[in-house]
2 protein chains.
Amino acid sequence: MKYCSNCGAAVEQKIPAGDNRHRYVCNACHTIHYENPCIIAGCLPVYQDQVLLCKRAIEPRYGLWTLPAGFMENGESTEQAALRETLEEANAQVIIRSLYTMTSILHVDQVQMIYLADMPEPSFSISDESLEVELFREDQIPWDALAFPTITNALKFYFSDRKTGHFPLRHLAMSRSDEGELCCELGTHQ
Amino acid sequence: MKYCSNCGAAVEQKIPAGDNRHRYVCNACHTIHYENPCIIAGCLPVYQDQVLLCKRAIEPRYGLWTLPAGFMENGESTEQAALRETLEEANAQVIIRSLYTMTSILHVDQVQMIYLADMPEPSFSISDESLEVELFREDQIPWDALAFPTITNALKFYFSDRKTGHFPLRHLAMSRSDEGELCCELGTHQ
Ligand SMILES: [Zn+2]
Ligand SMILES: [Zn+2]
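Keep in mind the model is a prediction, meaning the values are calculated, not measured.

Conventions used here
- Residues numbered from 1 in each chain as written.
- Chains lettered and ligands numbered in written order.
- Predicted model: local features only at pLDDT ≥ 70, side-chain atom pairs only at ≥ 80, totals over all residues.
- Heavy atoms only, no water.
- UniProt positions renumbered as here; feature names shortened; annotations may be inferred.
- Helix = DSSP H or I, 4+ residues; strand = E, 2+ residues; numbered from the N terminus.
- Expected span 1.5 Å × (residues − 1).
- Buried < 20%, exposed > 50% of the residue type's maximum accessible area, 1.4 Å probe, protein only.
- Donors = N, O, S within 2.8 Å, 3.2 Å for Na, K, Ca; no water.
- Pairing = 2+ DSSP bridges.
- Contact = heavy atoms within 4.5 Å.
- Domains from an automatic or database assignment.
- Buried area = accessible area lost by both parts, 1.4 Å probe.
- Salt bridge = Lys/Arg side-chain N within 4 Å of Asp/Glu carboxyl O.
- Polar contact = N/O pair within 3.5 Å; in protein donor to acceptor, adjacent residues only side chain to side chain.
- Nonpolar A, V, L, I, M, F, W, Y, C, P; charged D, E, K, R; others polar.
- Least-squares fit on C-alpha atoms with pLDDT ≥ 70 in both.
- Phe/Tyr/Trp six-rings, centres within 6.5 Å; stacked < 30°, edge-to-face > 60°.
- Lys NZ or Arg CZ within 6 Å of the ring centre and 35° of its normal.

Chemist: What is the right way to look at the UniProt feature "domain: Nudix hydrolase" (unreviewed entry) in chain A in this model?
Modeler: Mapped onto the present numbering, the UniProt feature "domain: Nudix hydrolase" (unreviewed entry) falls on residues 33-159 of chain A. Between the end C-alpha atoms of residues 33-159 of chain A there is a gap of 43 Å, over a span that is 19% helix and 40% strand.

Chemist: How should helix α2 (residues 149-161) of chain A be read in this particular structure?
Modeler: Along an α-helix, residues three or four positions apart point the same way, because every turn accommodates 3.6 residues. All names here are of chain A. When the terminal C-alpha atoms of α2 are compared, their 18 Å separation across 13 residues agrees well with the 18 Å that a helix rising 1.5 Å per residue should span. Most of α2 sits out of view: 10 of its 13 residues are buried. Those residues of α2 not exposed but buried are T150, I151, T152, N153, A154, L155, F157, Y158, F159 and D161.

Chemist: Teacher, can you tell me more about the coordination of the zinc ion (ligand 1) here?
Modeler: Coordination angles at a metal have ideal targets, namely 109.5 degrees for four tetrahedral donors and 90 or 180 degrees for six octahedral donors. All names here are of chain A. Only C4 (SG), C7 (SG), C26 (SG) and C29 (SG) from the protein coordinate the zinc ion (ligand 1), and they sit 2.2 to 2.4 Å from it. Donor residues for the zinc ion (ligand 1) sit on one chain with the sequence pattern C-x2-C-x18-C-x2-C. Here the residue C4 occupies a position in the segment before β1 (11-14), and C26 occupies one in strand β2 (residues 23-26), the gap between them amounting to 22 residues. Residue class for C4 comes out buried when judged on its relative accessible area of 0%. Residue class for C26 comes out buried when judged on its relative accessible area of 0%.

Chemist: I keep staring at the sheet that holds strand β3 (residues 32-33) of chain B and nothing clicks. Help me out?
Modeler: Within a beta sheet, neighbouring strands are joined by backbone hydrogen bonds and run either parallel or antiparallel to one another. All names here are of chain B. On the basis of which strands lie adjacent, the open sheet formed by 3 strands has the order β1-β2-β3 and antiparallel pairing. The open sheet has two edge strands, β1 (11-14) and β3, and neither has a second partner. Across 4 bridges, β1 lies against strand β2 (residues 23-26) in antiparallel orientation. Within β2, the residue paired with E12 across the bridge is V25.

Chemist: What's the story with the coordination of the zinc ion (ligand 2) in this structure? I'm lost.
Modeler: Residue and element names in this part refer to chain B. C4 (SG), C7 (SG), C26 (SG) and C29 (SG) make up the full set of protein donors to the zinc ion (ligand 2), lying at 2.2 to 2.3 Å. Motif for the zinc ion (ligand 2), donor spacing along one chain: C-x2-C-x18-C-x2-C. With a gap of 22 residues between them, C7 in the segment before β1 and C29 in the loop between β2 and β3 connect regions that are remote in the sequence. By relative accessible area, which is 27% here, C29 ends up partly exposed.

Chemist: Even after reading the chapter, I still don't get the environment of G42 of chain A, so can you show me in this structure?
Modeler: All names here are of chain A. Relative to the elements of secondary structure, G42 occurs in strand β4 (residues 38-47). Taking the C-alpha atoms as reference points, G42 and D118, separated by 76 residues in sequence, lie 13 Å from one another. When sequence neighbours within four positions are dropped, the list of residues in contact with G42 reads P68, A69, A82, M113, I114 and Y115.

Chemist: Would you take a moment to explain the domain arrangement of chain A for this structure?
Modeler: How big an interface is tends to be reported as the loss of accessible area on association of its parts. The assigned domain composition of chain A is domain 1 (1-35) and domain 2 (38-186). When each unit is reduced to the centre of its C-alpha atoms, the spacing between domain 1 of chain A and domain 2 of chain A is 35 Å.

Chemist: How should I be thinking about the sheet that holds β2 of chain A in this particular structure?
Modeler: The strand order β1-β2-β3 (chain A) describes an open sheet built from 3 strands, whose pairing is antiparallel. The sheet is open, and its two borders are formed by β1 and β3 (32-33) of chain A, each paired with just one other strand.

Chemist: Would you mind showing me how to read the interface of chain A and chain B here?
Modeler: The interface of chain A with chain B comprises 45 residues on the first partner and 45 residues on the second. In this assembly, chain A packs against chain B so that about 3600 Å² is buried in total across both faces, 50% of it on carbon and sulfur atoms. The largest contributions to the chain A side of the interface with chain B come from S5, E73 and N74 of chain A, which together make up 15% of the buried area. Linking chain A with chain B are 6 salt bridges. In this structure, the salt-bridge partner of E76 of chain A is R21 of chain B, at a minimum N-O distance of 3.9 Å. Here chain A and chain B share 16 residue pairs in polar contact (both at pLDDT 80 or more) between them. Elements represented by at least two residues in the side of chain A that touches chain B include exactly β4, α1 (78-90), β8 (95-105), β9 (110-118) and β11 (170-176) of chain A. Sort the elements by how many residues they give to the side of chain A that touches chain B and β8 of chain A lands first, with 6 residues. Across the side of chain A that touches chain B, the residue classes tally to 18 nonpolar, 16 polar and 11 charged.

Chemist: Looking at this model, I keep getting lost on the relation of the copies chain A and chain B. Mind explaining?
Modeler: Both copies of the chain are related through a single rotation about an axis accompanied by a shift along the same axis. It takes a turn of 180 degrees to lay chain A on chain B, together with a shift of 0.0 Å along the axis; the resulting RMSD is 0.0 Å. Both copies are brought into coincidence by an operation consistent with a two-fold rotation axis.

Chemist: For this particular structure, what's the right way to read the pattern of salt bridges?
Modeler: A side chain of one charge can pair with a side chain of the opposite charge if their charged atoms are brought near each other. Applying the stated criterion across every chain yields a total of 24 salt bridges over all chains. What you see here is one network of salt bridges that share partners, running through D19, R21 and R23 of chain A together with E73, E76, R84, E85 and E88 of chain B.

Chemist: Explanation requested: the side chain of H33 of chain A in the structure shown.
Modeler: Residue and element names in this part refer to chain A. Following the sequence through the fold, H33 ends up in strand β3. Given a relative accessible area of 10%, H33 falls into the buried group. Setting aside chain neighbours within four positions, we find H33 in contact with M1, C4, S5, N6, V11, R23, Y24 and C26.

Chemist: What exactly am I supposed to notice about the packing of aromatic side chains here?
Modeler: Within a pair of aromatic rings, the relevant descriptors are the distance that separates the centres and the angle that separates the planes. If you walk through the whole model with that rule in mind, you get 10 aromatic pairs over all chains. Here the aromatic rings of W65 of chain B and F136 of chain B are separated by 5.0 Å at their centres, their planes lie at 80 degrees, and the arrangement is edge-to-face. With W65 of chain B in strand β6 (residues 65-66) and F136 of chain B in strand β10 (residues 130-137), this residue pair connects regions lying 71 residues apart in the sequence. What makes F136 of chain B buried here is its relative accessible area of 7%. Ring centres of Y158 of chain B and F159 of chain B lie 5.3 Å apart, and the angle between their planes is 70 degrees; this geometry places the pair in the edge-to-face category. Look at Y158 of chain B and you get buried, because its relative accessible area is 2%. Taking the relative accessible area as the measure of exposure, F159 of chain B reaches 3% and is therefore buried. What links up through ring pairs into an aromatic cluster is the set Y100, W143, Y158, F159 and F167 of chain A. For the cation-ring pair, R97 of chain B lies above F167 of chain B, with the distance from its terminal atom to the ring centre recorded as 5.3 Å.

The structure is reproduced here in structure tokens:
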């Protein structure tokens, strides 16, 4: 951020009165421009003993497999966002079962929410965002070609929890160390 | 938004290629400025048979009672945000038990997450953000002086769930009708 979106003057970084963090502040119109994490919402669609994955047709991670998910928009709920993304990316209509994973991804300022969802029909197709869309059994999952560690986590939790039939919310925080190493912590509760 | 935060030129609202929503777009540097919901994170702190409320020292809803909660910042997890807000607003250190309510508030583009949390000690005090901080038993809750309907919801769920000792995640969507009426829907799952 270099310019004030309200008046067009240059912004500078400083700690506003009563605050304790650096913000982009406009010295002309005095607007404080806060920056906050975004929500990524999506589904883990299940049909019988298979899960639905999409091969990304867009960057980042073009050509790798992911669950249908994307940025939550203004004016919708987290569930509506998850359903919309599943429809847009995989042309699949699903029924949400429960919130399944919630991961704060600190190094990119995102919170990712994946809902466990049922597919009443094995109906899906490719889209502008997906080169391929396919159902996979556990032994068919392309573990080495998954797009994001959060997706790997969600799938591992799913196949593990499926043995018990109990799918509790998995609360995680992920961050990147100074050495670039990815660190994933379970929440203090389950 | 009137000006591009990247180059300072005027922005206009239009639907970018490959998109289906109006965005603020800069015709000079071609930046698309997305706007997304913010996360409000907080706690419902419990000490024995009492819950902790804060009387707001800031607008909106100055002088009304609320749970300690506020905007999640970049670089922290949702849990860290909830703990930080509880410390900042009530000087209370709590231990998170579980995610308890998640409410998409459509008319203000917010997602509010309230964590159920235990207070090991009845230790708390006022702050720049709270005129008063107090523990309340169920029969002492100032129901008519609560700041937000989401807070009323969380407290009602809590005192109801306390009878069973089971505190499932409550998933809600709240919106305002054209007539200004507030409408609150439970999620499709619990
Ligand atoms: Zn300005
Ligand atoms: Zn620009």
